[in-house]
Amino acid sequence: MRALVLTIILLFLAFVSLFVGAADITFADIINWDIEKIELISISRIPRTAALVLAGVGMSVSGVIMQQMTQNKFVSPTTAGTLDAAKMGLLIFIIFTPTAGTTVKMISAFVFTFLASILFLTIVRKIKHRNVIFVPLVGLMFGGIIGSVSTFFAVQLNIVQDTNAWMMGDFSSILQGRYELIYLTLPAIFITYLYANKFTVIGMGEDFSKNLGLNYNAIINIGLFCVSLTVSSVVITAGSIPFLGLIVPNVVSMIFGDNLKKTLPLVALSGAIFLLICDIAGRVVIYPYEIPIGVTVSIIGSIIFLLLLLWKKR
Amino acid sequence: MIEVKDITKQYGDNVVLDNVGMQFHKGKVTSLIGSNGAGKSTLLSIISRLLSQDGGIVMVDEKNVTEYKNKMLAQRLSILKQSNHIRLKLTVRELVSFGRFPYSQDKLTESDYNMVDRAIQFMDLKDIENSYIDELSGGQKQRAYMAMVVAQDTEYVLLDEPLNNLDMKHSVQTMKTLRRLADEWGKTIIIVLHDINFASHYSDYIVALKDGKIVYHDETENIINENVLKDVFGLKITICEIDKKRICNYFN
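Residues numbered from 1 in each chain as written. Chains lettered and ligands numbered in written order. Predicted model: local features only at pLDDT ≥ 70, side-chain atom pairs only at ≥ 80, totals over all residues.

As a further point, take the overall build of chain B. When you go through chain B residue by residue, the secondary structure sums to ten helices and twelve strands. A compact globule built from 252 residues should have a C-alpha radius of gyration of about 18 Å, and chain B, at 18 Å, falls within 12% of that. Considering only C-alpha atoms, chain B reaches an extent of 50 × 45 × 30 Å along its principal axes. Looking at chain B residue by residue over its 252 residues, the buried ones come to 43%. At a minimum sequence separation of 6, the contacts of chain B that also span at least 24 residues come to 64%. (Helix = DSSP H or I, 4+ residues; strand = E, 2+ residues; numbered from the N terminus. Rg over C-alpha atoms; globule rule 2.2 N^0.38 Å. Buried ≥ 20, exposed ≤ 12 C-beta atoms within 10 Å, placed from the backbone. Contact = placed C-beta atoms within 7 Å.)

Another aspect to go through is the nonpolar core. Core analysis: the largest hydrophobic core is formed by 156 residues, its most contacted members being Ala55 of chain A together with Val96 and Ala147 of chain B. In terms of domain composition, this core takes at least three residues from each of domain 1 (2-76 + 155-249) and domain 2 (84-153) of chain B. (Core = buried A, V, L, I, M, F, W, Y, C linked by C-beta atoms within 7 Å. Domains from an automatic or database assignment.)

This next bit is on the domain arrangement of chain B. Residues and elements named next belong to chain B. Split by domain assignment, chain B resolves into domain 1 (2-76 + 155-249) and domain 2 (84-153). For domain 1 versus domain 2, the distance between C-alpha centres works out to 25 Å. Listing elements by their share of the side of domain 1 that touches domain 2, those giving two or more residues are α2 (70-74) and α7 (168-183). Take the side of domain 1 that touches domain 2: its biggest share by element is three residues, from α7. Residue composition of the side of domain 1 that touches domain 2, by class: four nonpolar, five polar and one charged. (Nonpolar A, V, L, I, M, F, W, Y, C, P; charged D, E, K, R; others polar.)

Residue and element names in this part refer to chain B. The sheet built from six strands is open, its strands ordered β6-β7-β8-β3-β9-β10 with mixed pairing. Of all strands in the sheet, those bounded by a partner on one side alone are β6 (77-80) and β10 (213-219). Recorded for the sheet is a direction-independent mean angle of 15 degrees between the axes of neighbouring strands. With four bridges joining them, β6 and strand β7 (residues 156-160) adopt parallel strand pairing. Looking at β7, one finds that Ile79 is bridged to Leu158. Most of the contacts of helix α6 (residues 138-152) go to β6, to which it runs at about 175 degrees, and overall it touches β6 and β7. (Pairing = 2+ DSSP bridges. Axes fitted to C-alpha atoms, helices over the stretch in contact; angles between N-to-C directions.)

Quick look at the sheet that holds strand β2 (residues 14-24) of chain B now. All names here are of chain B. Spatial ordering of the open sheet is given by β2-β1-β4-β5, a layout of four strands whose pairing is antiparallel. Since the sheet does not close on itself, it has two edges, and those belong to β2 and β5 (63-64), each with one partner. Taken together, the two bridges between strand β4 (residues 55-60) and β5 define a ladder with antiparallel strand orientation. From the neighbouring strand, Val60 faces β5, where its bridge partner is Lys63. Where helix α1 (residues 40-47) meets the sheet, it contacts β1 (2-11), β2 and β4, and its direction lies at approximately 120 degrees from that of β1.

Counting all residues, the mean pLDDT for chain B is 91, and 99% of those residues have values of 70 or more. Predicted complex, confidence summary: ipTM 0.89, pTM 0.89. (pLDDT = per-residue confidence, 0-100.)

The subject of this paragraph is the interface of chain A and chain B. Taken together, the 19 residues of chain A in the interface contact 23 residues of chain B. Split into classes, the residues belonging to the side of chain A that touches chain B amount to five nonpolar, eleven polar and three charged.

Attention now goes to the pairing of β4 of chain B. On a regular strand, one side chain projects to one face of the sheet and the next to the other, so that they alternate. All names here are of chain B. Where β1 and β4 come together, five bridges link them in antiparallel fashion. By the bridge assignment, Thr8 is partnered in β4 with Gly55. Hairpin connection between β4 and β5: a loop of two residues separates the two successive antiparallel strands, and Asp61 in this loop has a positive phi of roughly 50 degrees.

Attention now goes to helix α5 (residues 102-126) of chain A. Residue and element names in this part refer to chain A. Over its 25 residues, α5 runs 36 Å from end to end, which matches the ideal 36 Å to within 8%, given 1.5 Å per residue. Every buried residue belonging to α5 is among Met106, Ser108, Ala109, Phe110, Phe112, Thr113, Phe114, Ala116, Ser117, Phe120 and Val124, and all of these are buried. Those residues of α5 that are buried lie in contact with α3 (35-70), α4 (82-96), α6 (134-156) and α11 (216-238). (Expected span 1.5 Å × (residues − 1).)

With that out of the way, let us pick up the pairing of β10 of chain B. Relative to β10 of chain B, strand β9 (residues 205-210) of chain B runs antiparallel, the two being bridged by six bridges. Bridging from a neighbouring strand, Tyr205 of chain B pairs with Glu219 of chain B of β10 of chain B.

Glycine aside, a negative phi is what most residues show, and trans is what most peptide bonds show. In this model, Tyr287 of chain A is joined to Pro288 of chain A through a cis peptide bond whose omega is 5 degrees. Inspection of the secondary structure assignment puts Pro288 of chain A in the loop between α13 (260-285) and α14 (293-313). A positive phi angle, near 55 degrees, is found at Arg49 of chain B, a position not held by glycine. Mapping Arg49 of chain B onto the fold places it in the loop between α1 and β4. Positive phi is not limited to glycine here, since Asp211 of chain B has a value of about 50 degrees. For Asp211 of chain B, the location among the structural elements is in the loop between β9 and β10. Since 14 C-beta atoms lie within 10 Å of it, Asp211 of chain B is described here as partly exposed.

Structure representation (structure tokens):
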């Protein structure tokens, strides 16, 4: 029922998203079969909307998995160094194989995010007293370290501005033929949904998981794989989208609980809706120009997050 | 039957368990007692494969635990640890349903739901089954966790200091429930206890550990004895009999 309502909202927003932008396209143009405008829709608008939906679903679902794996509500791709690792992967790719294609770029980013996630998880497990705030702080520091190494190399090679530009979440340059990697999030999301119950058990901790006969390490590895695949493909196509993996899962959890079998579809739908709203807002505010989505997500997201913290404290 | 043979565990030079061997009686309540650091919880964790031993083997129904598939072992043996704090926002019913995970994984069957209902009834949780566990009191939470173990419906139920953080009323309630699980449902209960009086009152057998070794194991009445307890705890304990139950006074 809730999922149905959210699906309708999502479809509506997706529809709106198709018709917002610098070029004036109306629904009537499609009915009148205006070839030029239909081409514009299929080359630019549809890829953009599809990428937004997939990135929204992917990043928020990744957030949930990371929170289950660390048993910490404040862990997300933003607060665990995952995005920084993807950036480093891209940088290494630029340095060593600048002429290679997108596939190599993808593999490079994926390998780095995967390794960084394993390392982060190892660090978290080594921490004896797992204070709720301590873990994401460690994650932020961890991300800071990775980020500074990347920046060091970027400075040496005079590409600081380029690297910053890739990382700034931005959907305006998404065009047909240049965004398809983001469809790699689909298998990851599908696997996560199949394993929803197992990820809930993982969230109960290692002892509980073992008691229930779950192969803890195997599920953790599957989780790491899904998160790395999603984050790296989103970062490559659209750049980093901060906060999404943090806010959406937390809001859903506060309202609907943590039984992933039940809430995962809600998380996925809300993630896509949130991102579409942010994108439409960014396109409308200084029309006909655009504010990059990283900025709108950060602003709207951090406001929601602050409210969330205050609400939780109460 | 659960049997452990020559179990050894050490952290660095510190030997926590030293060649421990023991057989636990089926369908009975067995308490593990001993001072802090005697190795009780470590032994329990090793039996329930949460911790791996450095030497020795654990046999469950004449088969080495390492030969069991995770799922199969989870249908025979369950463990509830004191440190099990779930931070997830799940309802009591959802939590208890996860007790059926070893049997049906994702898709619960009719009989799974029956078992969940029985467990909720048994632990008297019917009126709060739809509450979130993070909103419950300590005693209710403990009952919810125990209901999950009851729903898991294993022959062997292991509990690590289940009375920690519980008040007297809830402690007694917990022990009575365990007694019923053994007497009415035929479960084998192995439990780590700190309060010797709870062990004296509710268990059939007592296993006493000291410095990583089993120093005594016998029926309860043979262990609740001033000389034995003095040896185990290094404390002078006076025993008096009230209503045919032995009460240990260790406050002097």
